[in-house]
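Close look at the chain arrangement
So you can see what is in the structure, the chains are spelled out below.
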Amino acid sequence: MAQSILITGAGSGIGRATARAFLAAGWRVALLGRREAPLRETAGTSEALILPADVTDAAQVQAAFDRIAAEWGRLDVLFNNAGIALKGAPIDEIALDDWQALSDVNIGGMVICARAAFGLMRRQSPQGGRIINNGSISAQAPRPGSAPYTISKHAITGLTKTLALDGRRFDIACGQIDIGNAATEMAMGFTKGTMQANGQMMVEPVMSVDHVASTVLHMASLPLDVNIPFITIMARDMPLIGRG
């Protein structure tokens, strides 16, 4: 039987590209996102499982995982991908409501989904599975004015490390992909110029999101006794390496 994956934030960007890569590779793919129409657009004519749900709503997320268990009997991989960003600004110019909304999705939503996946993978037979968290290059070095987003991605690094440790006795692996300048709607502003640490605006290169998708597929295809705990994929000439 084909392996199965649930992808959150599957209605656009990295989630959509990754879903289509797994569908092309013959996986059973479940698509989770707040709006059904974009999920169906991602699925196209495939038999992907459409799961409209808000990752910040634990009841909706659990219902989605329950449906996977009912229809497929197991889940092999969670790509914990859903996330949002804010316009760059110094921390005192960022509304607390905006900070909370980002934290609810980028931290709370990923914890809720990881918790549900861990529980299902622990209970299923044969036991085990893999959780892949979408981190960010901001988990390594921040951009100017990115406090909420950068804090959230550092939190995901902590989540990845603890799940990788706690999952060992249940045959659950956990890894993280830190992505730099994939050509999604969220990143296209980089091609017009974005603020650098020295206060100057600079156009940054981007890369095809398909490279992210193929990397996630590689991580997911490893046997469970092998893990890539952290991997960074980025447009070669973006300034990450020089930020320090």
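A short tour of the structure in this document, coming up.

Quick look at the nonpolar core now. If you look at the biggest cluster of nonpolar residues, it comprises 32 residues, and the most contacted ones within it are Leu 31, Ile 177 and Val 212. Elements with a minimum of two residues in this core: strand S1 (4-8), helix H1 (13-24), strand S2 (28-33), helix H2 (36-43), strand S4 (77-80), strand S6 (172-180) and helix H6 (209-221). Ranked by residue count, the leading element in this core is H6, at seven residues. With residues near it in sequence (within four places) discarded, Leu 31 still touches Leu 6, Ile 7, Ala 10, Ala 19, Leu 39, Thr 42, Ala 43, Ala 48, Leu 49, Ile 50 and Leu 51. The next biggest cluster of nonpolar side chains, apart from the first, holds 31 residues, and it includes Leu 49, Phe 65, Cys 113 and Met 121.

Let's shift gears to the packing of aromatic side chains. On inspection of all chains with the given rule, the structure shows two aromatic pairs. Residues Phe 22 and Trp 27 carry aromatic rings whose centres are separated by 4.8 Å and whose planes lie at 90° to one another, so their mutual orientation is edge-to-face. Each member of the pair, Phe 22 together with Trp 27, is buried.

Before going further, it helps to spend a moment on the sheet that holds S4. One open sheet accounts for seven strands, arranged S3-S2-S1-S4-S5-S6-S9; its pairing is parallel. Either end of the sheet is taken by a strand with one partner, and the two such strands are strand S3 (49-52) and strand S9 (230-234). Recorded for the sheet is a direction-independent mean angle of 20° between the axes of neighbouring strands. Of the strand pairs in this sheet, S2 and S3 are connected by four bridges, and their pairing is parallel. Its bridge partner lying in S3, Leu 32 is registered against Leu 51. Relative to S3, H2 is tilted by about 160°, and along the sheet it contacts S2 and S3. Together, S1, S2, S3 and S4 form the strand contacts of helix H3 (residues 58-72), whose direction differs from that of S3 by roughly 160°.

Tracing the chain through its elements places Arg 28 in strand S2. No salt bridge forms around the buried Arg 28; measuring N to O, its nearest opposite-charge neighbour Asp 76 is 4.5 Å away. A polar contact is formed between the side chain of Arg 28 and the backbone oxygen of Ala 2, at a distance of 3.1 Å. With residues up to four places along the chain from it excluded, the contact list for Arg 28 reads Met 1, Ala 2, Gln 3, Ser 4, Ile 5, Trp 72, Arg 74 and Asp 76.

One pass over the full model with this rule turns up six salt bridges. Note that Arg 16 is salt-bridged to Glu 41, the shortest N-O span being 3.5 Å. Remark: Glu 41 occurs in helix H2 and Arg 16 occurs in helix H1; sequence separation between them is 25 residues. Under the relative-accessibility criterion, Arg 16 is labelled buried at 16%. Residues Glu 36 and Arg 40 are paired through a salt bridge, measuring 2.7 Å at the closest nitrogen-oxygen approach. With Glu 36 and Arg 40 both in helix H2 and four residues apart, the pair spans about one turn of that helix. Glu 36 gets classed as partly exposed once you look at its relative accessible area, which sits at 38%.

Our next topic: the side chain of Thr 160. Relative to the helices and strands, Thr 160 is located in helix H5 (residues 147-166). A residue is classified by how much of its surface remains accessible, and Thr 160, at 1% relative accessible area, is buried. Filtering out sequence-adjacent residues up to four positions away, Thr 160 remains in contact with Asn 133, Cys 174, Gly 175, Gln 176, Pro 229 and Phe 230.

This part is about the environment of Leu 163. With respect to the helices and strands, Leu 163 occurs in helix H5. As a C-alpha pair, Leu 163 and Arg 115 span 48 residues in sequence and 9.4 Å in three-dimensional space. Setting aside anything within four residues of it in sequence, one finds Leu 163 in contact with Ala 114, Phe 118, Ile 131, Asn 133, Ile 172 and Cys 174.

Structural remark: α-helix, 3.6 residues per turn; residues separated by three or four positions point the same way. When the terminal C-alpha atoms of helix H4 (residues 96-123) are compared, their 39 Å separation across 28 residues agrees well with the 40 Å that a helix rising 1.5 Å per residue should span. Within H4, the axis deviates most sharply at Asp 104, by approximately 35°.

Reading guide: rules and limits
- Residues numbered from 1 in each chain as written.
- Predicted model: local features only at pLDDT ≥ 70, side-chain atom pairs only at ≥ 80, totals over all residues.
- Heavy atoms only, no water.
- Core = buried A, V, L, I, M, F, W, Y, C linked by side-chain atoms within 4.5 Å.
- Buried < 20%, exposed > 50% of the residue type's maximum accessible area, 1.4 Å probe, protein only.
- Helix = DSSP H or I, 4+ residues; strand = E, 2+ residues; numbered from the N terminus.
- Contact = heavy atoms within 4.5 Å.
- Phe/Tyr/Trp six-rings, centres within 6.5 Å; stacked < 30°, edge-to-face > 60°.
- Pairing = 2+ DSSP bridges.
- Axes fitted to C-alpha atoms, helices over the stretch in contact; angles between N-to-C directions.
- Lys, Arg positive; Asp, Glu negative; His and termini not counted.
- Salt bridge = Lys/Arg side-chain N within 4 Å of Asp/Glu carboxyl O.
- Polar contact = N/O pair within 3.5 Å; in protein donor to acceptor, adjacent residues only side chain to side chain.
- Expected span 1.5 Å × (residues − 1).
- Bend = angle between axes of the 7 residues up to and from the residue.

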